[in-house]
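The chain contents come next:
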Amino acid sequence: MLFFILLFGCFMVAGGVYVALDQRRERNEKLAKIQRELARREAAEPAKNAVDPQN
């Protein structure tokens, strides 16, 4: 009986680790998506502090 309790505990720990890693992966994907969008917006906007070539 003790063996099954320990086995169940191991499965609970393994499940918790899996969920934590999955949440971390999702968080990293969301962060990367936001960073790509910010980089795209920065590249698309004209340079605000550009020197006027006529002056």
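Quick note: structure is the one above.
All figures in this text were calculated on a predicted structure; none of them were measured in a lab. (Residues numbered from 1 in each chain as written. Predicted model: local features only at pLDDT ≥ 70, side-chain atom pairs only at ≥ 80, totals over all residues. Heavy atoms only, no water.)

Caption draft 1: Local environment of the overall build of the chain. Counting secondary structure elements, the chain contains one helix and zero strands. Burial analysis of the chain (55 residues in total) assigns 0% to the buried set. Looking at the chain as shown, the accessible area adds up to about 5,700 Å², and 64% of this sits on carbon and sulfur atoms. (Helix = DSSP H or I, 4+ residues; strand = E, 2+ residues; numbered from the N terminus. Buried < 20%, exposed > 50% of the residue type's maximum accessible area, 1.4 Å probe, protein only. Areas by Shrake-Rupley, 256 points an atom, 1.4 Å probe, with all protein chains shown as cover.)

Caption draft 2: Representation of the pattern of salt bridges within the structure. Enumeration over the complete set of coordinates arrives at four salt bridges. In this structure, the salt-bridge partner of Asp22 is Arg25, at a minimum N-O distance of 2.6 Å. With Asp22 and Arg25 both in helix α1 (residues 2-44), this residue pair falls three residues apart, about one helical turn. Under the relative-accessibility criterion, Arg25 is labelled partly exposed at 41%. Each member of the salt-bridge network shares a partner with another, and the members are Asp22, Arg25 and Glu29. (Salt bridge = Lys/Arg side-chain N within 4 Å of Asp/Glu carboxyl O.)

Caption draft 3: A look at a nonpolar patch on the surface. The grouping of Met1, Leu2, Ile5 and Leu6 at the surface amounts to a nonpolar patch, some 500 Å² of accessible area in total. Mapped onto the elements, Met1 comes out in the segment before α1. (Patch = residues over 30% accessible without salt bridge, like charges linked within 9 Å, V, L, I, M, F, W, Y side chains within 5 Å.)

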